[in-house]
Amino acid sequence: MQILHALSDLLYPPACLRCRAPLTRGGHIFCRACRAAMPKVGAPMCRRCGAPVAAAFDAQVDCATCRRRPPAFAIARARRSYTGPTAEIIQGFKYRRRWRIGRWLSRDMAACARAALPLQEIDLVVPVPLHWLKRRMAGFDHAGQLARDTARRLRLPHDPRALRRRRWTSTQTRLPAPARFRNVRAAFAADPRRVAHRTVLLVDDVLTSGATADACAQVLAATGARRVIVLTAARTPRA
Ligand SMILES: [Zn+2]
Ligand SMILES: [Zn+2]
């Protein structure tokens, strides 16, 4: 195996998957400069939604948005801020199916979950579902892939059929936040046999307004889930 690796390194010298700079050390797919340009979301953050807040580093605070309208999920955490190179690599995974980036993201998410989430409480990992038509058009379910890989790394059961899309929703990113909330309402359905009395780890690539995660959490809670915890690879910075 080691010989094979050495041979493939000779034929295809390892290069950063983002900027093509040569990689000097094994085990990474991005160079040091690219990794440094993909900042992690750090404390202080809202204890519920994980958004960065202006507060004492160790303060237990809920952000203004969560105080005004508490989300249906108990906790949401994202590893990185959805900016610059992070946004670029996630789009590369999502739209150009760069599998190695997907695996890297799920390793990143598993590390985030180990550091920030009550893993012993979680019964199953569920992806935010794509509409079947969208999945057919894309030929690939990015959230499903992240959920499966992350669950495997965390040694947790994974159930992609616990939650499904009921109807088409127009592409989220083009809508302003209030329209997104209306758009996602009633878009999901959960299977009570799979989620009742369970704590669900809901997985998606990016947390934007939180509307999709909140809608999924509402449906899961209404179907009998005990608690919903959200994990994403990245989150968009709040304006
Ligand atoms: Zn690079
Ligand atoms: Zn919050």
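Residues numbered from 1 in each chain as written. Chains lettered and ligands numbered in written order. Predicted model: local features only at pLDDT ≥ 70, side-chain atom pairs only at ≥ 80, totals over all residues. Heavy atoms only, no water.

**Side note on the coordination of the zinc ion (ligand 2)**
Working reference: metal with six octahedral donors, ideal angles 90 or 180 degrees; metal with four tetrahedral donors, ideal angle 109.5 degrees.
Next, step 1: Donor atoms from the polypeptide that coordinate the zinc ion (ligand 2) comprise Cys 46 (SG), Cys 49 (SG), Cys 63 (SG) and Cys 66 (SG), at 2.3 Å from the metal.
Next, step 2: Here the zinc ion (ligand 2) binds four donor atoms, and the angle range of 107 to 112 degrees at the metal identifies the geometry as tetrahedral.
Next, step 3: Along the chain, the residues donating to the zinc ion (ligand 2) fall in the pattern C-x2-C-x13-C-x2-C. With Cys 46 in the loop between helix H2 (32–36) and helix H3 (64–68) and Cys 63 in the loop between H2 and H3, this pair connects stretches of sequence that are 17 residues apart.
Next, step 4: Judged by relative accessible area, which is 0%, Cys 46 ranks as buried. (Donors = N, O, S within 2.8 Å, 3.2 Å for Na, K, Ca; no water. Tetrahedral: all angles 85-135°; square planar, octahedral: opposite > 155°, others 65-115°. Helix = DSSP H or I, 4+ residues; strand = E, 2+ residues; numbered from the N terminus. Buried < 20%, exposed > 50% of the residue type's maximum accessible area, 1.4 Å probe, protein only.)

**What to know about unusual backbone geometry**
Next, step 1: For the bond running from Ala 43 to Pro 44, omega is 0 degrees, close enough to zero to count as cis.
Next, step 2: Its place among the elements puts Pro 44 in the loop between H2 and H3.
Next, step 3: You will see that Arg 20, though not glycine, has its phi angle at about 70 degrees, which is positive.
Next, step 4: One can find Arg 20 in the loop between helix H1 (2–11) and H2.
Next, step 5: Given the relative accessible area of 52%, Arg 20 is considered exposed.
Next, step 6: For Arg 155, which is not a glycine, the phi torsion comes out positive at approximately 55 degrees.
Next, step 7: Structurally, Arg 155 can be placed in the loop between helix H7 (142–154) and strand E3 (163–165).
Next, step 8: When its relative accessible area of 76% is taken as the criterion, Arg 155 is described as exposed.

**A short note on the confidence of the model for the protein**
Next, step 1: Put simply, the protein has an average pLDDT of 88, and 84% of its residues get 70 or more.
Next, step 2: Confidence, expressed as mean pLDDT per element, reaches its minimum in the protein at helix H8 (residues 177–184) with 61 and its maximum at strand E2 (residues 124–127) with 98. (pLDDT = per-residue confidence, 0-100.)

**Side note on the coordination of the zinc ion (ligand 1)**
Next, step 1: Listed as protein donors to the zinc ion (ligand 1) are Cys 16 (SG), Cys 19 (SG), Cys 31 (SG) and Cys 34 (SG); their distances from the metal cover 2.3 Å.
Next, step 2: Its four donor atoms give the zinc ion (ligand 1) angles of 105 to 117 degrees at the centre, a pattern that matches the tetrahedral case.
Next, step 3: Within one chain, the residues donating to the zinc ion (ligand 1) are spaced in sequence as C-x2-C-x11-C-x2-C.
Next, step 4: Overall, Cys 19 belongs to the partly exposed group, its relative accessible area being 36%.

**Here's the deal with helix H5 (residues 99–116)**
Next, step 1: A rise of 1.5 Å per residue sets the reference length of H5, with its 18 residues, at 26 Å; its end C-alpha atoms lie 25 Å apart and thus fit the reference within 8%.
Next, step 2: The complete set of buried residues in H5 reads Ile 101, Gly 102, Trp 104, Leu 105, Ser 106, Asp 108, Met 109, Ala 110, Cys 112 and Ala 113.
Next, step 3: Residues of H5 that are buried make contact with strand E1 (75–81), helix H4 (84–96), H7, strand E5 (199–207) and strand E6 (227–235). (Expected span 1.5 Å × (residues − 1). Contact = heavy atoms within 4.5 Å.)

**Notes on the sheet that holds E2**
Next, step 1: In spatial order, the strands read E1-E6-E5-E2; together these four strands make up an open sheet with parallel pairing. Each edge of the open sheet is held by one strand with a lone partner, namely E1 and E2. With direction set aside, neighbouring strand axes in the sheet form an average angle of 20 degrees.
Next, step 2: As paired strands, E5 and E6 are joined by eight bridges and run parallel to one another. Paired with Leu 202 across the strands is Val 230, a residue of E6.
Next, step 3: Sheet strands touched by helix H10 (residues 211–222): E5 and E6. Its angle to E5, the strand with the most contacts, is close to 165 degrees. (Pairing = 2+ DSSP bridges. Axes fitted to C-alpha atoms, helices over the stretch in contact; angles between N-to-C directions.)

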